[in-house]
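Survey of secondary and tertiary structure
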Amino acid sequence: MSDRNVFEDAVTRVERIGLDAGVAPETVDALRQPGALLTADLAVRMDDGSTRHFVAYRCRYNDALGPTKGGIRFHPDVTREEVMALALWMTIKCAVVGLPYGGGKGGVAVDPKGLSRLELERLSRAYMRAMADFVGPDTDIPAPDVYTNARIMGWMADEYEAIHRKKTPAVITGKPILLGGSLGRDEATGRGAFVVIQEYARRVGLEPENTRVAVQGFGNAGYHVARLLQEAGYRIVAVSDSKGGVYADEGFDIESLWEHKQSAGKVEGVYCTGSVCEVVEHRKISNEELLELEVDLLVPAALEGVITTENAGRIRAPLIAEVANGPITAEADSQMRERHITVLPDVLTNAGGVTVSYFEWSQNRQGYAWTLEEVRERLERVLTRAFDGLWHLHQTEKVSIRDAAYAMALRRIGEAIEAEGTRDYFSGD
Ligand code: GLU
């Protein structure tokens, strides 16, 4: 669906913004390719006794600012290029919010919905067995991503600990609470996006009660951001998941919609099975239709490459908050700029997840658990500060918020590379 190879697209963006922002060529050079990439074949025993093979990846993209950090995705469309692009985006994201991390990512090309629970557990453990010397609390720290969750992180942590023969909760984040997970990690991506949207709304005078929202993707992040927006007075008029979507002019009650999805497994068609049916009239829409709705705020919260040059001209929302990673291709992004559509970029908008992952890792290393209030307060502080910095750059340097975010990240990474290195010595300064 994307306009070009997703990885080339990601590198081109770094090159262009690096050049415009006057970043040292060495920094851009360092980000043209991943630092390390491990590919593995996972042989997994199925419940019927047969063995299936799955391709798995883990990429440590750049560690100038700290150990690499990023999720593991289980999805049939996972490719090496996609994992590398996602790892590069993590590198930028961690630098934007000022976390002491580089960027990494992992993935397995698999349809997890087609596996039994035991098969999924064997696959998760096989992944960690393959990666056990490549990840670690001081080298590379995985977390959940598309179609992975706390339970899977728990299996992986347990496998890592069995291999290394010691308790090492800080090797992975997004774990179940009893295994060292952090309170507030499950809602963190959605809450972070909510904080960013509110910061933006405050600056431009956007009023929640006059803001109609469409959310594409009703997984963990999509649900939490929709819930928090609705609580703050925004009207969520459309929601979709991979199976289709629903639209209602007067807005949905997100909690009921979520409960229906949990019990029926999809949004489309099930909304009307319970009591909410009497309260809200709705019509079915496709994912494509949702993106093109005339709303005030569009929230793509599913996968990358959903807004391309093919549909960019038909996007009618004046504001897009990227909760998914990379939902707008680079070429489509230029069209957004030309059409004066404001984009709250993924590397800021969805950074709440990795920020609370950082809190989880810190708590694990401290051996001390924070309260939910503490986690939420700190998350808000981190993202508000990041937003302030980017808004300032956006205003003073007259660049898009995405360009401001990349410029900020590239400068930080550049400074770290320079501080580590011997450039001064060789340049004779
Ligand atoms: N997968 C999430 C992301 O794309 C979270 C990564 C993390 O917590 O390390 O930001």
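Residues numbered from 1 in each chain as written. Predicted model: local features only at pLDDT ≥ 70, side-chain atom pairs only at ≥ 80, totals over all residues. Heavy atoms only, no water.

1. Quick notes on unusual backbone geometry
Most peptide bonds adopt trans geometry, and most residues besides glycine take a negative phi value. Here the phi dihedral of Tyr147 falls at roughly 60°; this positive angle occurs in a residue that is not glycine. Within the element layout of this structure, Tyr147 appears in the loop between strand S6 (140-141) and helix H5 (150-164). Of note in this structure, Arg165 is not a glycine but carries a positive phi near 55°. Here Arg165 shows up in the loop between H5 and helix H6 (188-204). (Helix = DSSP H or I, 4+ residues; strand = E, 2+ residues; numbered from the N terminus.)

2. Quick look at the packing of helix H13 (residues 352-366) against helix H14 (residues 372-396)
Geometry of a packed helix pair, given as the angle between the helix axes and the separation of the axes. Where H13 meets H14, the closest approach of the two axes is 10 Å, and the angle between their N-to-C directions is 130°. Relative to H14, the element H13 lies oblique. In this structure, H13 meets H14 at a crossing whose hand is right-handed. Contacts between H13 and H14 involve Gly352, Thr355, Val356, Phe359 and Gln363 on the former and, on the latter, Val375, Arg378, Leu379, Val382 and Leu383. In terms of residue class, the contact of H13 with H14 is made up of six nonpolar, three polar and one charged. (Axes fitted to C-alpha atoms, helices over the stretch in contact; angles between N-to-C directions. Parallel < 35°, antiparallel > 145°, perpendicular 65-115°, else oblique. Left-handed = near helix turned anticlockwise from the far one by under 90°. Contact = heavy atoms within 4.5 Å. Nonpolar A, V, L, I, M, F, W, Y, C, P; charged D, E, K, R; others polar.)

3. Some remarks on the pairing of strand S2 (residues 51-62)
In this sheet, S2 lies alongside strand S1 (residues 36-45) in antiparallel orientation, the contact comprising 10 bridges. Directly across from Leu42, in S2, lies its bridge partner Phe54. In textbook terms, the turn of a hairpin is the stretch between consecutive antiparallel strands, and for S1 and S2 this stretch comprises five residues, one of which, Gly49, has a positive phi near 95°. Two elements, S2 and strand S5 (residues 102-109), share six bridges in a ladder whose sense is antiparallel. Paired with Arg58 across the bridge in S5 is Gly106. (Pairing = 2+ DSSP bridges.)

4. Remarks on the confidence of the model for the protein chain
Across the protein chain, the average pLDDT comes to 94, with 94% of residues at or above 70. Low pLDDT, under 50, characterises residues 273-279; the predicted model gives this stretch eight contacts beyond four residues in sequence or across chains. (pLDDT = per-residue confidence, 0-100.)

5. Some words on the packing of helix H1 (residues 6-20) against helix H15 (residues 401-420)
Running from N to C, H1 and H15 point in directions that differ by 80°, and their axes come no closer than 9 Å. In terms of their interaxial angle, H1 and H15 are classed as roughly perpendicular. On H15, the residues touching Arg13, Val14, Arg16, Ile17 and Gly18 of H1 are Arg402, Asp403, Tyr406, Ala407 and Leu410. For the contact of H1 with H15, the residue count by class is five nonpolar, one polar and four charged.

6. Some words on the nonpolar core
In this structure, Phe218, Leu229, Val299 and Leu344 are the most contacted members of the largest nonpolar core, which totals 93 residues. Of the residues forming this core, the biggest block, 13 residues, is contributed by helix H3 (residues 80-97). Contact partners of Leu344, with chain neighbours within four places excluded, come to Val196, Ile197, Tyr200, Leu319, Ile320, Ala321, Glu322, Thr349, Phe387 and Ile401. Grouped together as the second largest cluster of nonpolar side chains are 26 residues, Met46, Met131, Ile152 and Met156 included. (Core = buried A, V, L, I, M, F, W, Y, C linked by side-chain atoms within 4.5 Å. Buried < 20%, exposed > 50% of the residue type's maximum accessible area, 1.4 Å probe, protein only.)

7. Let's talk about the site of the ligand
Close contacts around the ligand come from 14 residues, with Lys69, Lys93, Pro144, Asp145 and Ser357 the closest. Between the ligand and Lys105, the relevant distance is 3.0 Å, taken from an oxygen atom to a side-chain nitrogen or oxygen of the residue. Asn325 places a side-chain nitrogen or oxygen 3.0 Å from an oxygen atom of the ligand. Considered on its own, the ligand offers 290 Å² of accessible surface; in the complex 95% of this is hidden by protein. Per-element tally for the shell around the ligand: the top contributor is H13, with three residues. Counted by class, the shell around the ligand contains four nonpolar, five polar and five charged residues. (Near = heavy atom within 4 Å. Polar contact = N/O pair within 3.5 Å; in protein donor to acceptor, adjacent residues only side chain to side chain. Areas by Shrake-Rupley, 256 points an atom, 1.4 Å probe, with all protein chains shown as cover.)

8. Quick look at the environment of Ala193
Along the chain, Ala193 falls in helix H6. Residue classification places Ala193 among the buried positions, given a relative accessible area of 0%. For the pair formed by Ala193 and Val215, sequence separation is 22 residues and the distance between their alpha carbons is 12 Å. Residues in contact with Ala193, not counting those within four places in the same chain, are Val225, Val323 and Thr349.

9. Examining the side chain of Arg185
Mapped onto the secondary structure, Arg185 falls in the loop between H5 and H6. One buried charge, Arg185, has no salt-bridge partner; the nearest side chain with opposite charge is Glu360, at 5.0 Å. Filtering out sequence-adjacent residues up to four positions away, Arg185 remains in contact with Pro144, Gly174, Gly353, Val356, Ser357 and Glu360. (Lys, Arg positive; Asp, Glu negative; His and termini not counted. Salt bridge = Lys/Arg side-chain N within 4 Å of Asp/Glu carboxyl O.)

10. As for the environment of Pro345
With respect to the helices and strands, the residue Pro345 is situated in the loop between strand S13 (342-344) and helix H12 (346-349). Sequence separation between Pro345 and Tyr406 is 61 residues, and the spatial gap between their C-alpha atoms is 9.8 Å.

11. Notes on the pattern of salt bridges
Enumeration over the complete set of coordinates arrives at 38 salt bridges. The shortest N-O distance in the salt bridge between Arg125 and Glu159 comes to 3.0 Å. One end of the pair, Arg125, is in helix H4 (residues 117-131); the other, Glu159, is in helix H5, with 34 residues separating them in the sequence. The class of Arg125 is buried, set by a relative accessible area of 17%. By relative accessible area, which is 10% here, Glu159 ends up buried. Asp333 is the partner of Arg402 in a salt bridge, and the nearest nitrogen-oxygen pair spans 2.7 Å. Within this pair, whereas Arg402 is found in helix H15, its partner Asp333 is found in helix H11 (residues 330-338), the two being separated by 69 residues in sequence.

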